Amino acid sequence: AARPTPVRLRSALGALPEYTPGRPAAVRDGLTAYKISSNENPFPPLPSVLDVVRDAAGSVNRYPDMAVTALTEALAARLGVPAARISTGPGSVGVLDQLIRATCDDGDEVVFAWRSFEAYPILTTLAGAVPVQVPLAPGARHDLDAMAAAVTERTRLVLVCTPNNPTGTTVGAAELDAFLDRVPSDVVVVLDEAYLEFVDAPDAPDALAVHEARPNVVVLRTFSKAYGLAGLRVGYAVAHEPVAAALRTSALPFGVNSLAQAAAIASLDAADELDVRVKELVAERERVVAALREQGWDVPDQQANFVWFGLGDDTAAFAAACEAEGLTVRPYGTDGVRATIAETEANDRLVEVAGRFL
Ligand code: PMP
């Protein structure tokens, strides 16, 4: 007979999937294994960033600066926005968690595309809000018309992931503008730009300009991807008052650790060096996408540091074929597989496996 659970948990938890980013890479059978399931930056930290982290490590007996003053000011100067509009957090996922809790009462709705970042339904549900998932349009792109139509009286938040994780597509500046005209101005719209630095689409929106013009628009960014600090957990939002103030109020005390603060500032100082790496990854992405299309794969325009394979019922088989060759990719149900652009050897192997699979 089933035994009663020993403790009571939030009822919504039972319906949630566990977040499973894949195993770390390992070496087996003489084959270097690559974990290309979490969109990590394959480059090791810059020496200048490591030095700063080592220095900061000497003071970890102290709490970090709770107001994240120096990093916030460095970001404000870099982005050309007032420091009061910037709120940092432990990864952009931490900032997003705060934002959902700061905007939604129980039963309020959060509208986003699906598929998109799998943290969206989890964070929404845990906040007591209701996820409203709007299917992607053909080409694995956001269906902004359908998303505008999905906004109701209960909608507090709309999440636009551009480039979209896991499909790699961006929204266009003009369609975003038309969409924002249709969303009531008291509904917060998040532009999640975790992969912004990898974008080279000519029609991509200038999110900060959009934010400047529209008080309900929040720009969400991270140091985890292009800046290679995934392990340190630091991200930020650019938001007008009162949203920025609400984010600060709802932040966990000391959420951004001192190593992360120091490393993020050092990374802003090293932006030019980091951009060289980003350009290399973008060139690799284009190389891989071109090779896959040559093989006959129908790959949508890819704007992030990963490649999307729309596979339907073949999703699990393709992930297994990759795994057999030492590539841990990210399968999504019966939708497809996402694979990070990583070391050249991993990218080459991915193309090879894909070619054999077709
Ligand atoms: N947004 C998107 C679209 C992402 O893909 C990710 C990471 N997978 C995040 C936010 C969160 O990144 P982090 O918390 O490391 O800043």
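Residues numbered from 1 in each chain as written. Predicted model: local features only at pLDDT ≥ 70, side-chain atom pairs only at ≥ 80, totals over all residues. Heavy atoms only, no water.

Observations regarding the overall build of the protein
Basically, it comes down to this: Numbering of helices and strands starts at the N terminus; helices are DSSP runs of H or I of at least 4 residues and strands are runs of E of at least 2. For a compact globule the rule gives 2.2 Å times the number of residues to the power 0.38, and the radius of gyration it is set against comes from C-alpha atoms. Residue exposure (1.4 Å probe, protein chains only): buried if accessible area is under 20% of the type maximum, exposed if over 50%, otherwise partly exposed. Shrake-Rupley sampling with a 1.4 Å probe provides the accessible areas, and residues are treated as covered by the protein chains on show and by no other component. Asp and Glu count as negative and Lys and Arg as positive, but His and the ends of the chain are not part of the count. In this description, the location of a charge corresponds to atom NZ of lysine, CZ of arginine, CG of aspartate or CD of glutamate.
What the protein contains, in helices and strands, is 12 helices and 14 strands. A compact globule built from 358 residues should have a C-alpha radius of gyration of about 21 Å, and the protein, at 20 Å, falls within 12% of that. The dimensions of the protein, computed from C-alpha atoms along their principal axes, are 60 × 55 × 50 Å. Considering the protein as a whole, with its 358 residues, one finds that 52% of them fall into the buried category. Surface accessibility of the protein: about 16100 Å² in total, with carbon and sulfur atoms responsible for 55%. Taking the average place of the 30 positive charges on the side chains of the protein and the average place of its 47 negative ones, the gap between the two points comes to 6 Å.

What to know about the UniProt feature "domain: Aminotransferase class I/classII large" (unreviewed entry) in the protein
Counted only if it meets this: UniProt positions are given in the numbering used here, feature names are shortened, and annotations may be inferred rather than shown by experiment.
When the UniProt feature table is mapped to this numbering, "domain: Aminotransferase class I/classII large" (unreviewed entry) covers residues 36-351. With 41% helix and 17% strand, the stretch residues 36-351 has end C-alpha atoms that lie 13 Å from each other.

What to know about the environment of G14
Tracing the backbone shows G14 in the segment before β1 (27-28). With relative accessibility at 72%, the residue G14 sits in the exposed group. Along the backbone, G14 and L96 are 82 residues apart, and their C-alpha atoms lie at a distance of 22 Å.

Focus on the UniProt feature "modified residue: N6-(pyridoxal phosphate)lysine" (unreviewed entry) in the protein
Convention followed: Contact between two residues is taken to exist if any of their heavy atoms lie within 4.5 Å; hydrogens are not considered. Side-chain atoms alone can form a polar contact between residues adjacent in sequence; in general such a contact is a pair of N or O atoms within 3.5 Å, and within protein one must be able to donate a hydrogen while the other accepts it.
When the UniProt feature table is mapped onto this chain numbering, "modified residue: N6-(pyridoxal phosphate)lysine" (unreviewed entry) sits at K225. Considering the arrangement of structural elements, one finds K225 in the loop between β9 (217-222) and β10 (235-238). Residue classification places K225 among the buried residues on the basis of a relative accessible area of 14%. Here K225 is in contact with S38, N39, N41, A194, Y195 and F198, once residues within four sequence places are set aside. Side-chain polar atoms of K225 contact the backbone oxygen of S38, separated by 3.3 Å.

A few points about the sheet that holds strand β8 (residues 188-192)
Within a sheet, neighbouring strands are paired by backbone hydrogen bonds and run either parallel or antiparallel to one another. For the record, the criterion: Strand pairing is assigned whenever DSSP detects at least two bridges linking the two strands. Angles shown run from 0 to 180 degrees and are taken between the N-to-C directions of axes, each axis being a line fitted to C-alpha atoms and, for helices, limited to the stretch in contact.
The mixed open sheet is built from seven strands, whose spatial order is β4-β10-β9-β8-β7-β5-β6. Two strands close off the open sheet at either side, each with one partner strand: β4 (86-89) and β6 (130-135). If you compare each strand with its neighbour and ignore which way they point, the axes differ by 25 degrees on average.

A word on the nonpolar core
Counted only if it meets this: For our purposes a nonpolar core is just a set of buried Ala, Val, Leu, Ile, Met, Phe, Trp, Tyr and Cys residues, chained together by side-chain atoms within 4.5 Å.
Within the largest apolar cluster, 85 residues are counted, with the highest numbers of intra-cluster contacts made by M147, V158, F179, V189, F223, F309 and F318. Considering every element that reaches this core, the biggest residue donor is helix α10 (residues 271-295), with eight residues. When sequence neighbours within four positions are dropped, the list of residues in contact with F309 reads L292, W297, F318, D335, G336, V337, A339, L350 and A354. Membership of the second largest hydrophobic core comes to 25 residues, among which are C104, F112, V218 and L247.

Structural notes on the side chain of R221
Relative to the helices and strands, R221 resides in strand β9. Owing to a relative accessible area of 9%, R221 belongs among the buried residues under this scheme. For R221, the side chain forms a polar contact with the side chain of E193, separated by 2.8 Å. Every residue in contact with R221, bar those within four places of it in the chain, is listed here: L79, S92, E193, L196, A207, L208, G235 and Y236.

As for unusual backbone geometry
W114 connects to R115 through a cis peptide bond whose omega is 10 degrees. You can see R115 is positioned in the loop between β5 (109-114) and α4 (119-126). Backbone torsion omega between T162 and P163 reads 0 degrees, so that peptide bond is classified as cis. Residue position: P163 is located in the loop between β7 (155-161) and α6 (173-182). The residue A140 is not glycine, and still its phi comes out positive at about 60 degrees.

Overview of the site of the ligand
Just so we agree on the cut-off: Definition of nearness: a residue and a molecule or strand are near each other if at least one heavy atom of the residue lies within 4 Å of the molecule or strand. Residue polarity is assigned by list, with Asp, Glu, Lys and Arg as charged and Ala, Val, Leu, Ile, Met, Phe, Trp, Tyr, Cys and Pro as nonpolar; anything else, Gly included, falls into the polar class.
In the region of the ligand, 13 residues are neighbours, and S92, D192, Y195, T222 and S224 sit closest. In the environment of the ligand, a nitrogen atom lies 3.3 Å from a nitrogen or oxygen atom belonging to the side chain of K225. When isolated, the ligand has an accessible area of 400 Å², and the protein chains bury 93% of it. Considering every element that reaches the shell around the ligand, the biggest residue donor is helix α3 (residues 91-103), with three residues. Here the shell around the ligand is composed, by residue class, of five nonpolar, five polar and three charged.

Looking at the pairing of β6
Applicable threshold: When the strands point away from the viewer, a crossover counts as right-handed if the path from the first strand over the helix to the second runs clockwise.
As paired elements, β5 and β6 share six bridges and run parallel to each other. The residue bridging A113 from the neighbouring strand is V134, located in β6. A crossover connection joins β5 to the parallel β6 through α4; in handedness this β-α-β unit is right-handed.

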